[in-house]
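Results of the structural survey
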Amino acid sequence: MRKFKNLLLGSAALIVTASAPAWALDSQVLLLREHSQGIDVSAISDKAGYSNQPWLTAKGVYYTQAVTQAQQSQTDIFFYDFATNNRVNVTQSKNSSEYSPMMMLDGDAISAVVVEPNAAQKLWRFPLDGTAPQRIFDNGMTIGYHAWGPQGVMVFALGEPHSIHYLPLKDSKKGKHIVDNPGRTLSYNSALRVYTYTFEEQGQSWFATYAVDDDVSSKAFRLPQGVQDYTWFDAQTVIYANQNRLYKKQLGNAQPAQLWHDLSAHCQGTITRVSYLATEKTLAWVCNAKAKES
């Protein structure tokens, strides 16, 4: 197992977004655990500062955290360990920022988008055994977000406009353009054998799928305006965040989304990134601070 260094969380809130580094409101990663009597909600990161983009596993949560060293702010990937309740810095980088962590399919490494010293944004692999990280590939794209499938990866590519592409691992330079104006959350549903994403078209937000085998993109259902963060509850059901509430929507069901949990008592701001693990009945989620009136 990789030996990670404990590091105090900085109070800086430098956020690396899909466009450029920018100062942002405070955000915090929390856990929601379901049990027979209801739910428990607890925080795993500090309330002050920037922490975001959780990826939930059975052993803990990987997430992006802003840190400040030598008066310089950047983002590193942290891990919250369920066994010890400790937070450790996974990437410990000096000249780059990392964000959007995700467990790779082999389970031996996480992948993350790295903002390299020359400002290029590329996918990197960070082995859990502590060996040196490596850039996965470079096909010229500036990558914001990603999702792994069995034979390829879907990426959010920065540009005018931003767009989503499917890249086969055997030749990442032969990518396929999927859609423009996408949301930031991408995923792969192994049961349905489709990638999923959100996008905006003529002012309407959509949840959509892309089947690699058939090379077919399909609109699945409409989303509330501006909603782009979601996770899978089960093979057919999506959880998405709207304001400070969570909703469940079943694919192929004409019924409207149902309120799953109202978290307004735990988050006075808005819920953004979400990651659910059915085997643990646990959701990792982000509360963005409520904007202050000027």
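Scroll up to find the structure.
All of these numbers come straight from a predicted model, not from anything done at the bench. (Residues numbered from 1 in each chain as written. Predicted model: local features only at pLDDT ≥ 70, side-chain atom pairs only at ≥ 80, totals over all residues. Heavy atoms only, no water.)

**A closer look at the sheet that holds strand 15 (residues 152–157)**
Taken in spatial order, the four strands make up an open sheet running 14-15-16-17, and their pairing is antiparallel. Where the open sheet ends on each side, the last strands, each with one partner, are strand 14 (143–148) and strand 17 (176–180). On average, each strand axis in the sheet is tilted by 25° relative to the strand beside it, whichever way the strands run. Inspection of the sheet shows strand 14 paired to strand 15 by five bridges, in the antiparallel sense. Bridging from a neighbouring strand, alanine 147 pairs with methionine 154 of strand 15. (Pairing = 2+ DSSP bridges. Helix = DSSP H or I, 4+ residues; strand = E, 2+ residues; numbered from the N terminus. Axes fitted to C-alpha atoms, helices over the stretch in contact; angles between N-to-C directions.)

**Description of the layout of surface pockets**
Size it by volume and the largest pocket reaches roughly 1,100 Å³. In this structure, the largest pocket is lined by 42 residues; those nearest its centre are Trp55, Leu56, Met102, Ser275 and Tyr276. Within the residue set of the lining of the largest pocket, elements represented by two or more residues are strand 6 (51–56), strand 10 (97–103), strand 14, strand 18 (182–189), strand 22 (230–234) and strand 26 (270–277). When its residues are assigned to classes, the lining of the largest pocket shows 27 nonpolar, eleven polar and four charged. (1 Å grid on protein atoms, 1.4 Å probe; cavity = no way out; pocket = protein on both sides within 12 Å on 5 of 7 lines; lining within 4 Å. Points joined across faces, edges and corners; volume = space filled by probe spheres on them. Nonpolar A, V, L, I, M, F, W, Y, C, P; charged D, E, K, R; others polar.)

**Some thoughts on the environment of aspartate 229**
Tracing the chain through its elements places aspartate 229 in the loop between strand 21 (216–223) and strand 22. In this structure the C-alpha to C-alpha distance between aspartate 229 and threonine 198, which are 31 residues apart in sequence, comes to 8.2 Å. Apart from the residues within four sequence positions on either side, aspartate 229 is in contact with Arg184, Thr185, Ile239, Tyr240, Ala241, Thr272, Arg273 and Val274. A polar contact is formed between the side chain of aspartate 229 and the side chain of arginine 184, at a distance of 2.6 Å. A distance of 3.1 Å separates the side chain of aspartate 229 from the side chain of threonine 185, its partner in a polar contact. (Contact = heavy atoms within 4.5 Å. Polar contact = N/O pair within 3.5 Å; in protein donor to acceptor, adjacent residues only side chain to side chain.)

**Regarding the pattern of salt bridges**
Under the criterion given, the structure shown has eleven salt bridges. When the shortest N-O distance is used, the salt bridge between arginine 87 and aspartate 46 registers 3.1 Å. Highlighted residues: arginine 87 in strand 9 (residues 87–89) and aspartate 46 in the loop between strand 5 (38–43) and strand 6, separated in sequence by 41 residues. Relative accessible area serves as the criterion here: at 26%, arginine 87 is assigned to the partly exposed category. Of the charged contacts, one joins glutamate 201 and lysine 219 as a salt bridge, the two residues approaching to 2.5 Å between their closest N and O atoms. Placement of glutamate 201 in strand 19 (residues 194–201) and of lysine 219 in strand 21 is noted, with a sequence separation of 18 residues between them. Look at the salt bridges and you will find they share partners, linking Glu116, Lys122, Arg135 and Asp138 into a network. (Salt bridge = Lys/Arg side-chain N within 4 Å of Asp/Glu carboxyl O. Buried < 20%, exposed > 50% of the residue type's maximum accessible area, 1.4 Å probe, protein only.)

**What about the sheet that holds strand 26?**
Ordered in space as 5-4-27-26, the four strands form an open sheet in which the pairing is antiparallel. Strands with a single pairing partner mark the edges of an open sheet, and in this sheet they are strand 5 and strand 26. Neighbour-to-neighbour, the strand axes of the sheet open up by a mean angle of 25°, direction not taken into account. Both strand 4 (residues 27–35) and strand 27 (residues 282–288) contribute to a ladder of seven bridges, which runs antiparallel.

**Some words on the environment of glutamine 134**
Mapped onto the fold, glutamine 134 is located in strand 13 (residues 134–135). Accessibility expressed as a relative area gives 56% for glutamine 134, which makes it exposed. For the pair glutamine 134 and tryptophan 124, spaced ten residues apart in sequence, the C-alpha to C-alpha distance is 5.5 Å.

**Examining the packing of aromatic side chains**
For any pair of aromatic rings, the description rests on two quantities: the centre-to-centre distance and the angle between the ring planes. Summed over the entire model, instances satisfying the criterion amount to 16 aromatic pairs. Note on phenylalanine 207 and tyrosine 230: the rings are 4.9 Å apart at their centroids and 80° apart in plane angle, and the pair reads as edge-to-face. Here phenylalanine 207 is found in strand 20 (residues 204–211), whereas its partner tyrosine 230 is found in strand 22, with 23 residues between them in sequence. Tyrosine 230 carries the same exposure label as phenylalanine 207, and that label is buried. Above the ring of tryptophan 206, the side-chain terminus of lysine 219 is found at 4.6 Å from the ring centroid. (Phe/Tyr/Trp six-rings, centres within 6.5 Å; stacked < 30°, edge-to-face > 60°. Lys NZ or Arg CZ within 6 Å of the ring centre and 35° of its normal.)

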